[in-house]
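Below are the chains, spelled out letter by letter.
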Amino acid sequence: MNNIQMKYTAAQEAGEKVSVTVQPYPGDERILRLRLRNGNIIVELTNIGAAITSIFTPGKNGELKNIVAGYADLASYLLNPDYYGVVVGRYANRIAAGHFSMNGKEYQLSVNNGGNHLHGGVQGFSHKFWTLAAVKEDEQQCSVMFSYNSADGEEGYPGNLSVSVEYLLDDTGKLHVHYSAITDKSTPVNLTNHSYFNLTGFEVPSILDHSLAVNAAAYTEKSENDTPSGKILPVANTALDFRKPRKLREGIDQFPADMGFDHNFVLDKSAENNLEKAAVLSEASSGRTVTVYTSKPGMQLYTANYWNGSIVGAQGVAYQQHGGVALETQSFPDSVHHPHFPSAILHPGEQYRSTTIFEFGINAD
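Cut-offs applied
- Residues numbered from 1 in each chain as written.
- Predicted model: local features only at pLDDT ≥ 70, side-chain atom pairs only at ≥ 80, totals over all residues.
- Heavy atoms only, no water.
- Helix = DSSP H or I, 4+ residues; strand = E, 2+ residues; numbered from the N terminus.
- Rg over C-alpha atoms; globule rule 2.2 N^0.38 Å.
- Buried < 20%, exposed > 50% of the residue type's maximum accessible area, 1.4 Å probe, protein only.
- Contact = heavy atoms within 4.5 Å.
- Pairing = 2+ DSSP bridges.
- Phe/Tyr/Trp six-rings, centres within 6.5 Å; stacked < 30°, edge-to-face > 60°.
- Lys NZ or Arg CZ within 6 Å of the ring centre and 35° of its normal.
- Polar contact = N/O pair within 3.5 Å; in protein donor to acceptor, adjacent residues only side chain to side chain.

Student: Can you help me understand the overall build of the protein in this one?
Tutor: The secondary structure content of the protein amounts to 1 helix and 28 strands. Compactness check: the protein gives a C-alpha radius of gyration of 20 Å against a globular reference of 21 Å for 365 residues, within 12% of the reference. On the principal axes, the C-alpha backbone points of the protein span a range of 60 × 45 × 40 Å. The 365 residues of the protein split such that 56% are buried. Look at the contacts in the protein between residues 6 or more apart in sequence, and 64% of them connect residues 24 or more apart.

Student: Sorry if this is basic, but what is going on with the sheet that holds strand β22 (residues 262–267) here?
Tutor: The pairing of strands in a sheet happens through backbone hydrogen bonds and is either parallel or antiparallel. Judged by pairing direction, the sheet is antiparallel, and its 6 strands sit side by side in the order β17-β26-β25-β22-β19-β20 without closing on themselves. The outermost strands of the open sheet, each flanked by one partner alone, are β17 (196–197) and β20 (228–234). Two strands pair when backbone bridges link them, and strand β19 (residues 216–222) and β20 are joined in this way by 4 bridges, in the antiparallel orientation. Looking at β20, one finds that Lys222 is bridged to Pro228.

Student: For this particular structure, what's the right way to read unusual backbone geometry?
Tutor: With the exception of glycine, the majority of residues adopt a negative phi angle, and the majority of peptide bonds are in the trans configuration. Residue Arg90 is reached from Gly89 by a cis peptide bond, and omega for that bond is 5 degrees. For Asn93, which is not glycine, the phi torsion reads 70 degrees and is therefore positive. Tracing the chain through its elements places Asn93 in the loop between β6 (87–88) and β7 (94–95). Given a relative accessible area of 4%, Asn93 falls into the buried group.

Student: What is the right way to look at the side chain of Asn190 in this model?
Tutor: Within the secondary structure layout, Asn190 lies in the loop between β15 (187–188) and β16 (192–193). Those residues in contact with Asn190 that lie beyond four places of it in its chain are Val88, Gly89, Arg90, Tyr91, Ala92, Lys296, Gln330, Ser331 and Tyr352.

Student: Is there a simple way to explain the sheet that holds strand β21 (residues 246–247) in this structure?
Tutor: An order of β11-β12-β13-β14-β28-β24-β23-β18-β21 is seen for the 9 strands of this open sheet, with the pairing classed as antiparallel. Across the chains shown, the open sheet's two edge strands, defined by having one partner strand only, are β11 (131–137) and β21. Where strand β18 (residues 211–214) meets β21, 2 bridges bridge the pair, whose relative direction is antiparallel. By the bridge assignment, Ser211 is partnered in β21 with Lys247.

Student: What is the right way to look at the packing of aromatic side chains in this model?
Tutor: Within a pair of aromatic rings, the relevant descriptors are the distance that separates the centres and the angle that separates the planes. Counted according to the given criterion, the structure contains 19 aromatic pairs. With 6.1 Å between their ring centres and 85 degrees between their planes, Phe125 and Trp130 make a pair best called edge-to-face. One exposure class covers both Phe125 and Trp130, and it is buried. Centre to centre, the rings of Phe146 and Tyr167 are 6.3 Å apart; their planes meet at 80 degrees, and the pair counts as edge-to-face. Of this pair, Phe146 sits in strand β12 (residues 142–150) while Tyr167 sits in strand β13 (residues 161–169); the two residues are 21 residues apart in sequence, bridging distant segments of the chain. Per residue, the accessibility class of Phe146 equals that of Tyr167, and both read buried. An aromatic cluster is defined as three or more aromatic residues linked by ring pairs; in this entry it consists of Tyr71, Tyr77, Tyr84, Tyr196, Phe202, Tyr302, Trp307 and Tyr319. Its guanidinium or amino end placed over the ring of Phe242, Arg246 lies 4.0 Å from that ring's centre, counting from NZ or CZ.

Student: How do you make sense of the side chain of Ser150 when you look at a structure like this?
Tutor: Along the chain, Ser150 falls in strand β12. Judged by its relative accessible area of 1%, Ser150 falls in the buried class. Among the polar contacts listed, one links the side chain of Ser150 to the side chain of Glu154, at a separation of 2.9 Å. With residues up to four places along the chain from it excluded, the contact list for Ser150 reads Arg90, Phe125, Gly159, Asn160 and Leu161.

Worth remembering: the numbers are spatial, not functional.
Structure representation (structure tokens):
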């Protein structure tokens, strides 16, 4: 357990406001179960894929519900084909044909998605055991930090890459996700968390009646191979116009090839790398809201288009098509092939840093 021991105190058992617990998973001590609590919000995690396994938040009636997709059995995160809650990398989203050129050298990455490289490849960061590097708590906040060392050549990427991700839960209802990385060779880096939200706690099996607002006037057009064409197009007069809150059912049928939304938005930013509001997801019956802030330039909207009821999740219900919605803050897909996209290349001597915040709220109306 890396000298970080399970923390049980009488105060925590009695309901201490802020707490962190860490314990090995029964049957496999490589697997850790972690729990952050701050007030009435609980975030549970595991070291497999540095994954968020559950987030319990209150609705307008005060009842706590787990609003993210996940497995009841933590060992299932070793497979996790739908990327429930994990950190994906080295490169989130797709790289066309898994091939790119950099500094006069050709690189071939693993291919795992219709001829493309997706979410870091066959065994990306999402399927690795991360090291629990730190646990912290005080009266206002609590946090855990995971680290992972990706070897030169892993999945075809150049450079030894040292990565860390910190999950910090504060006393204002915000979960801060801080990413950092350094490398000894230039390499693409694009890290995100792949949680799927259903703000009813999956009591309603689809997210079609969730409302979404996205702070984006443009999106990256997709080509036939599901990677960007290179064009940045306006969302105006398209089914991707979420500049004002709109239910997800409106326009989800306009993308039959994707079977729903699976698109990268070009976020409106006042300055590069600024931490700014990207999106607001809300659901009327529960009153729950999630506001997303990010320093990244893009956000992928994905509506669980291929879920088919074959997996029963941690809530004890089968996950159906469009049962959850992922809001993946990111660099643009396939940026290595499009020089006019914001660069996602990390060079030696630089430090990759990005932050995403999920703010949990209640709309009592």
